[in-house]
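# Structural characterization, general
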Amino acid sequence: MKSVSSLIQYFLLALIVIYYAINGFVIAASFGALVSLSNTWIFNWYTNKQKKLVDIDAQKSFRMAINSSVTRTFSLILLALIGLGLLDFDPAALCLSLVLGQVGFILDRLRQK
């Protein structure tokens, strides 16, 4: 993953983690940020994997895109549930950092186009 490609996401996540660090919920906000970043890492891993396959056909490319979407969705849901249920993190801190990370991810992708 290129560090330059996710500047907006990193900036938004840093802001929200700092805000919740001041309010005493740094672990919950950091966990939400890591969940969001894991989504980015999985996306980049699938994208790089697909770029390496030069002679890939459209059907295989489509299957890889579906696999990427399913993997990212289930990892987000599972990690969020672990943070909220098992680890009993503050819901606002975890969810807000997760959502802002996803917004940053989308803004970074729009910026790259």
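The preceding data block contains the structure.
The structure contained in this document is the topic of the report that follows.

Thresholds applied
- Residues numbered from 1 in each chain as written.
- Predicted model: local features only at pLDDT ≥ 70, side-chain atom pairs only at ≥ 80, totals over all residues.
- Heavy atoms only, no water.
- Helix = DSSP H or I, 4+ residues; strand = E, 2+ residues; numbered from the N terminus.
- Buried < 20%, exposed > 50% of the residue type's maximum accessible area, 1.4 Å probe, protein only.
- Contact = heavy atoms within 4.5 Å.
- Salt bridge = Lys/Arg side-chain N within 4 Å of Asp/Glu carboxyl O.
- Lys, Arg positive; Asp, Glu negative; His and termini not counted.
- Expected span 1.5 Å × (residues − 1).
- Arc of directions from axis to C-beta.
- Phe/Tyr/Trp six-rings, centres within 6.5 Å; stacked < 30°, edge-to-face > 60°.
- Patch = residues over 30% accessible without salt bridge, like charges linked within 9 Å, V, L, I, M, F, W, Y side chains within 5 Å.
- Areas by Shrake-Rupley, 256 points an atom, 1.4 Å probe, with all protein chains shown as cover.

To continue, consider the environment of F43. With respect to the helices and strands, F43 occurs in helix α2 (residues 26–52). The class of F43 is partly exposed, set by a relative accessible area of 25%. In sequence terms F43 and T71 are 28 residues apart; their C-alpha atoms lie 9.2 Å from each other.

In this section: the environment of G83. You can see G83 is positioned in helix α3 (residues 58–86). When sequence neighbours within four positions are dropped, the list of residues in contact with G83 reads F31, D88, F89 and L94.

In this section: the pattern of salt bridges. As a working rule, side chains carrying opposite charge can pair if their charged atoms are close by. Counting across every chain of the model gives 1 salt bridge. The shortest N-O distance in the salt bridge between R111 and D108 comes to 3.4 Å. Linking R111 with D108, this pair stays in helix α4 (residues 91–112), spanning 3 residues, or about one helical turn. For D108, a relative accessible area of 0% gives the class buried.

Below, the discussion takes up the side chain of R72. Secondary-structure assignment places R72 in helix α3. Buried and without a salt bridge, R72 has D108 as its closest oppositely charged side chain, separated by 12 Å. Not counting residues within four places of it along the chain, the set of residues in contact with R72 comprises N39, I42, F43 and F105.

Here the focus is α4. When the terminal C-alpha atoms of α4 are compared, their 32 Å separation across 22 residues agrees well with the 32 Å that a helix rising 1.5 Å per residue should span. Residues of α4 that are buried include every one of A93, L94, S97, L98, G101, Q102, G104, F105, D108 and R109, and no others. Down the axis of α4, the buried set is contained in an arc of 160 degrees. They therefore lie on one face.

Okay, the packing of aromatic side chains next. This structure, assessed with the given rule, holds 5 aromatic pairs. Ring plane angle 70 degrees and centroid distance 6.4 Å describe the contact between Y20 and F25, whose orientation is recorded as edge-to-face. Overall, the relative accessible area of 35% leaves F25 in the partly exposed class. With a centroid separation of 5.4 Å and an interplanar angle of 50 degrees, the aromatic rings of F31 and F89 are classed as tilted. Of the two residues, F31 sits in helix α2 while F89 sits in the loop between α3 and α4, which places them 58 residues apart along the sequence. Taken together, the ring pairs connect Y19, Y20 and F25 into an aromatic cluster.

Moving on, we get to a nonpolar patch on the surface. Taken together, the side chains of F62, I66, V70, F74, I77 and L81 present a nonpolar region at the surface, about 610 Å² in accessible area. Structurally, the position occupied by F74 is in helix α3. We classify F74 as exposed; its relative accessible area is 56%.

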